[in-house]
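# Reading the structure
Listed below are the residues making up each chain.
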Amino acid sequence: MSSREQILQRVRSNLPRVERPLPAVPPFDETRPASLLTKFKESLERMGGLFLEVPPVSDPRLAVHTQLAGAKVVCSIVPEFTGNRRIEDVRIPQDLADVDFAIVRASFAVAETGSVLLSEAELGTNAVAYLAQHLIVLLDPDDIVINLHHAYRRSEFRERHYASLHTGPSATADIEGVLIHGAQGVRSLSVLPFPRAIARSAI
Amino acid sequence: MNTVTKPPRTDERQLHPEHPTEDPHTILHNGRRLDHAEGSSRPLKSRPEPQPRGAKVHGNRPVDQAEAAARFIASPEHEKMHDARLWDLRQKRDREMHAIPEWEDLRSLASAIKEHTLTHLDHYLEQFEASAQANGVHVHWAADAAEHNRTVHGILKDHGARTLIKSKSMLTEECGFRPYMASVGIEVIETDLGERIQELDNEDPSHVVVPAVHKLRTDVAKVFSETIGTDPDNSDVHYLAEAQRTATRPLILAADAGMTGCNFAVAETGTVAVCTNEGNADLSANVPKLHIASIGIEKLIPRLEHLAVFVRLLSRSALGSPLTQYTSHFRGPRKGAEMHIVLVDNGRSQRLAMHQFWTSLKCIRCGACMNTCPVYRRSGGLSYGATYSGPIGLIIDPTYNARKFSALPFSSTLNGSCTNVCPVKINIHEQIYAWRRELVRQHEVPFIKTALMKAAGELLSHPAAYRAAIGAANAVLAHLPRFVIYNGLNAWGKHREVPTPPKQTFHSWYRSNRGGAS
């Protein structure tokens, strides 16, 4: 008998003979924050992320240009910015080892936790979001859901092979509880509110 | 003119008043200290002290947890840091709990979802396998630890892989994975900072979430100076963490294969959800061309909507942080890469049949019960001499080896705090008590403990004898010289003052005040 059969058979004969119905999970969304964007910003900052403020009627790109000053290798995977490392030229993930800044767009964000969702569709090469020293994430303020219950209703989790909720930068406090950003992955994660071009032209 | 030396600024919450209240590198936001991930909510800093080691394990002989705990307590810097660090995590957990009005609803849901899944586990395992295969994932089954290790080795051999980067997984610890891989010539590189420290020090993780929490910064400096060449006199935490990042990065880039554990496996979509703070699981899975995920069969949950419940509870319970920095969902291989899943039983299906203990399979390995346990906080995880330590360890370990871990269920005060903080509502302290009875029944408890419990049982079942004994004991206790109470034979006199005995027992007070019928 294969291990598969052996395990399944043992499980079957040992199942507790008790009635345990599967409960329905409510969305827990009765109390809505006044602004999902403000709530998202607060949650993100608690988790060590940076929120790039865009003054009204100004180009959001300016906030990023300040950050990029002095960066040698910039890999942009969004049309809004031009870098000097094209993701299309990346053959293997190791080609991204020297990237200082990667710029990507979030599929959506979660106000409750300050998370942004990135998948293979946004990243091109998944490793870019971890091998880069710093990550800049563009977010359309219309793409924010209230909490994780709403997040898991999104189609990304059924369609994409890889999807990751990033909540601030890579962090550790494994030594005496001292918090450090940039344990193995990115040292900083910044979110720039920037409406999608398609959404804008549709208006 | 005399110069007056100002006393240093002190903070009563600190371990040592001479240390500055805040490290110059403390990460602040709007002037407030950030404490997400495992970050402590207050500055803690130790004084150097040699590290006490864990339990002395002799084959199948019962592990003497109390002996190792005594050595940990005899190292006051370690004991103080450990106690303060874990209590801080517990307090952060309470803060997060109070911030969510639906907290108790989430706990009830989590418990009900897990119990439903475990009572239909055959169905969900088959569904998960089918979903994963439909996504292009290779699914393997392993009946025990040895088969798990052989299976992973087989996959690596097929790909000619010699080096493996991996994220933390309690299942692989349970399987003795690292020693096995060393024996077959595969180099394993742990990528979680805490786990890497433990790997380099040849020590097991002492906690399911913070593996090196029993170590001081100076212990880490010693390990790193001997293994990755850091300055032995520099125990600055930022320096140590950066040195480790720099040393590990080339190993990540050069690795032939990557491995992760799994926090939750979703049957309907074949999703493997992995939660880390460092992003190291994502590096392990996304840099090499081969990703292997080892999954205990109890990790199954039915649908994505259920994942929300568990993800909301896990990091809040574990660390008092709303979410881990990374919550990653692997459904299938990335383009040009391969993904394998190994579903591991290793005693879980047998545990399902134990009517008093099957609900321990609900555990999501958050460590909240460890952080709140007064015994665990003061004795360190390595004193248990087992993969799983703390309250959850007391009820899981004997299922693997009732003789070797026969003393563990006695390392508890049965205060019930573990049960109160458990996000999936496992009745941990009741199961600890049930294990004591079970082990006595199986004759795994030493004669002296059994004899004492029998005598106590006699006394407790005869009210008149009990009252006479208590009255006499209180009278004697009040007049005994210290050396009689605080000696080596009375474990309750160690490290604590025996309470002042009351002048009167409750029963005699009740008789004289409320009087009459008795």
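Residues numbered from 1 in each chain as written. Chains lettered and ligands numbered in written order. Predicted model: local features only at pLDDT ≥ 70, side-chain atom pairs only at ≥ 80, totals over all residues.

## Focus on unusual backbone geometry
Of all residues except glycine, most have a negative phi; of all peptide bonds, most are trans. Residues and elements named next belong to chain A. Here Phe28, not a glycine, exhibits a phi torsion of approximately 45 degrees, which is positive. Within the secondary structure layout, Phe28 lies in the loop between α1 (3-14) and α2 (36-46). Even without being a glycine, Glu176 presents a positive backbone phi close to 50 degrees. Note on placement: Glu176 falls in the loop between β9 (171-172) and β10 (180-181). A tally of 25 C-beta atoms within 10 Å means that Glu176 is categorised as buried. (Helix = DSSP H or I, 4+ residues; strand = E, 2+ residues; numbered from the N terminus. Buried ≥ 20, exposed ≤ 12 C-beta atoms within 10 Å, placed from the backbone.)

## Some words on the packing of helix α3 (residues 103-119) of chain B against helix α12 (residues 304-319) of chain B
Residues and elements named next belong to chain B. In contact at an axis separation of 10 Å, α3 and α12 are set at 125 degrees when each is read in the N-to-C sense. Between α3 and α12, the angle is such that the two are oblique. The element α3 and its partner α12 pack so that their crossing is left-handed. Of α12, the residues touching α3 (which contributes Leu106, Arg107, Leu109, Ala110 and Ile113) are His306, Val309, Phe310, Arg312 and Leu313. (Axes fitted to C-alpha atoms, helices over the stretch in contact; angles between N-to-C directions. Parallel < 35°, antiparallel > 145°, perpendicular 65-115°, else oblique. Left-handed = near helix turned anticlockwise from the far one by under 90°. Contact = placed C-beta atoms within 7 Å.)

## Some words on the interface of chain A and chain B
Counting residues at the interface gives 63 residues for chain A and 85 residues for chain B. Listed by contribution, the elements that provide at least two residues to the side of chain A that touches chain B are α1, α2, α6 (148-151), α7 (156-159), β8 (162-166), β9 and β10 of chain A. Tallying contributions element by element places α1 of chain A first for the side of chain A that touches chain B, with 9 residues. Broken down by class, the residue content of the side of chain A that touches chain B amounts to 30 nonpolar, 22 polar and 11 charged. (Nonpolar A, V, L, I, M, F, W, Y, C, P; charged D, E, K, R; others polar.)

## Some thoughts on the sheet that holds strand β1 (residues 50-51) of chain A
Residue and element names in this part refer to chain A. On the basis of which strands lie adjacent, the open sheet formed by 5 strands has the order β1-β11-β6-β3-β2 and parallel pairing. Because the sheet does not close on itself, it has two edges, and the strands there are β1 and β2 (74-76). Relative to strand β11 (residues 188-193), strand β6 (residues 134-139) runs parallel, the two sharing 6 bridges. Note on β11: the bridge partner recorded for Leu138 is Leu192. Against the sheet, helix α3 (residues 61-68) contacts β2, β3 (101-105), β6 and β11, and its axis sits at roughly 160 degrees relative to β11. (Pairing = 2+ DSSP bridges.)

## Side note on the sheet that holds strand β3 (residues 138-142) of chain B
Residue and element names in this part refer to chain B. Here 6 strands make up an open sheet; going across it, the order is β3-β12-β9-β6-β4-β5 and the pairing parallel. Edge positions in the open sheet fall to β3 and β5 (187-190), since each of these has one partner strand only. Across the sheet, the axes of successive neighbouring strands diverge by a mean angle of 25 degrees, strand direction being ignored. This element, helix α5 (residues 145-158), spans β3, β4 (163-166), β6 (257-260), β9 (290-296) and β12 (338-344) of the sheet and lies at about 170 degrees to β12.

## Some thoughts on the pairing of β3 of chain A
Residue and element names in this part refer to chain A. Taken across its 5 residues, β3 has 5 buried, putting it largely inside the fold. Here β3 shows a buried face lined by Phe101, Ile103 and Arg105 and a second buried face lined by Ala102 and Val104. With 3 bridges connecting them, β2 and β3 associate as parallel partners. Its bridge partner lying in β3, Cys75 is registered against Ala102.

## Brief notes about the domain arrangement of chain B
Under the domain assignment, chain B is made up of domain 1 (102-350) and domain 2 (462-513). In this structure, domain 1 of chain B and domain 2 of chain B have C-alpha centres spaced 50 Å apart. (Domains from an automatic or database assignment.)

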